[in-house]
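Each chain, written out:
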Amino acid sequence: MSDVTTDPRLTVCAAAATGGPVSELVAPRTVRLGTSTEVRRLLPSLGRRMVGAWCFVDHYGPDEVAAEPGMQVAPHPHIGLQTVSWLLSGEVHHRDSLGSSALVRAGELGLMTAGRGIAHSEQSPEPHSPVLHGAQLWVALPGRERAVAPRFEHHTDLPTLTTGGAALTVLLGEVGGAASPGRTHSPIVGADVVLRGRASIPLVRDFEYAVLTVAGAPEVDGREVGPGTLLYLGTDRAELPVAGEGRFLLLGGEPFAEELVMWWNFVGRSGEEVARARADWQAELLGGTPRFGEVSGFEGDPLHAPELPPTPLRPRGRER
Ligand code: MN
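Residues numbered from 1 in each chain as written. Predicted model: local features only at pLDDT ≥ 70, side-chain atom pairs only at ≥ 80, totals over all residues. Heavy atoms only, no water.

What is the right way to look at the pairing of strand E8 (residues 101-105) in this model?
Where burial is concerned, the two faces of E8 differ: the one with Ala102 and Val104 is buried and the one with Ser101, Leu103 and Arg105 is not. Judged from the five bridges that link them, strand E7 (residues 91-96) and E8 form a sheet pairing that is antiparallel. Each residue of the ladder has a partner; that of Val92, found in E8, is Val104. Taken together, E7 and the strand that follows it, E8, pair antiparallel across an intervening segment of four residues, in which Gly99 is found at a positive phi of about 100°. (Buried < 20%, exposed > 50% of the residue type's maximum accessible area, 1.4 Å probe, protein only. Helix = DSSP H or I, 4+ residues; strand = E, 2+ residues; numbered from the N terminus. Pairing = 2+ DSSP bridges.)

Explanation requested: the packing of aromatic side chains in the structure shown.
Within a pair of aromatic rings, the relevant descriptors are the distance that separates the centres and the angle that separates the planes. Applying the stated criterion across every chain, the model contains seven aromatic pairs. On the numbers, 4.0 Å between centres and 20° between planes, the contact of Phe56 with Trp138 is stacked. Highlighted residues: Phe56 in strand E4 (residues 54-64) and Trp138 in strand E11 (residues 131-140), separated in sequence by 82 residues. Between the aromatic rings of Trp263 and Phe266, the centroid separation amounts to 6.5 Å while the plane-to-plane angle is 35°, which identifies the pairing as tilted. Note on Phe266: relative accessible area 0%, which makes it buried. Members of the aromatic cluster, each reached through a chain of ring pairs, are Trp263, Trp264, Phe266, Trp281 and Phe292. Directly above the aromatic system of Tyr232 lies the positively charged group of Arg48, at a separation of 3.6 Å from the ring centroid. (Phe/Tyr/Trp six-rings, centres within 6.5 Å; stacked < 30°, edge-to-face > 60°. Lys NZ or Arg CZ within 6 Å of the ring centre and 35° of its normal.)

Looking at this structure, how should I read empty space enclosed by the protein?
One simple way to see leftover space: roll a probe sized like a water molecule over the atoms. One pass over the full model with this rule turns up three cavities of 30 Å³ or more. Space inside the largest cavity adds up to approximately 70 Å³. What lines the largest cavity is Thr83, Ser85, Leu87, Val92, His94, Val104, Gly110, Met112, His120, Glu122 and Phe152. Every element with two or more residues in the lining of the largest cavity is listed here: strand E6 (81-89), E7, strand E9 (109-113) and strand E10 (118-123). Per-element tally for the lining of the largest cavity: the top contributor is E6, with three residues. Class assignment for the residues of the lining of the largest cavity results in five nonpolar, five polar and one charged. (1 Å grid on protein atoms, 1.4 Å probe; cavity = no way out; pocket = protein on both sides within 12 Å on 5 of 7 lines; lining within 4 Å. Points joined across faces, edges and corners; volume = space filled by probe spheres on them. Nonpolar A, V, L, I, M, F, W, Y, C, P; charged D, E, K, R; others polar.)

Whenever I open this one, the sheet that holds E4 confuses me. Can you help?
Paired through their backbone hydrogen bonds, the strands of a sheet run either parallel or antiparallel. The strand order across the open sheet formed by seven strands is E2-E3-E4-E11-E6-E9-E12, and the pairing between neighbours is antiparallel. Taken across any chain shown, the strands that pair with only one partner, and hence form the sheet edges, are strand E2 (29-33) and strand E12 (151-155). Geometrically, the sheet is characterised by an average inter-axis angle of 20° between neighbouring strands, direction not taken into account. Looking at chain direction, E2 and strand E3 (residues 37-43) are connected through five bridges and run antiparallel. Across the sheet, the residue bridging to Val31 is Val39, located in E3. (Axes fitted to C-alpha atoms, helices over the stretch in contact; angles between N-to-C directions.)

So, in structure tokens, the structure goes:
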């Protein structure tokens, strides 16, 4: 998915101060993508920029799309990040400038590593399932690996783990010995958890964690977390007690030590790096030297980058 807000403000992800276990609710803010799609953005938020290397979390749906076009995101570029496409229901057709063409269904992992640059499109196929529900997540690449060669992975058979009343599917990283085949670049974890009853989910003390409820209202660490809400949990926990009924994403990782510049669909370390990526994309749309490449098979025009903000893009601390 693309961040297509018309006025994307500069956002900076900075190292989180880690003070052990906390319990901090983050309410979603509604963001309109294009003309019809509304998503709920959990990260970055005013008080919380990142959880581990997770630096962008959008939750969308469930939306009735039987009589609608569904998701229609035209080709757009990325650098410095991985996109994690996770559908709870429905399916999305991914195409990218490497030539990938994959129908990613609910329960399958679409993992695109942008590295030094890639372009992709995401579309509901025709025909498509009546309900579209999912999460679009970004993982920041660490500085030394932020310019790796782009790649796309489609994993249709992810490892699962059952503990108490919790059935986990591991998207990235490892939980209780179940390890995802998705390639990662920093210590990180992501899991989809379907909960029916009580469970204690094994955690890693060095990681910070958050839970995003996508259905129901499970009790997490003794606190009810309603649908579309994120609960930040901090670090230094060996396990996470959960109870009730619902479904949530568990996101975690080693606190990310580097400051980032996030603007539009780019994650960089400096305003210059991001401005260059923008200029390269715009030049490419006018027939310039390809850096990102063409997304073949997509009918329609690619997205243009918005104007850069009037103030220089700079990496800053945790404050906006
Ligand atoms: Mn995208």
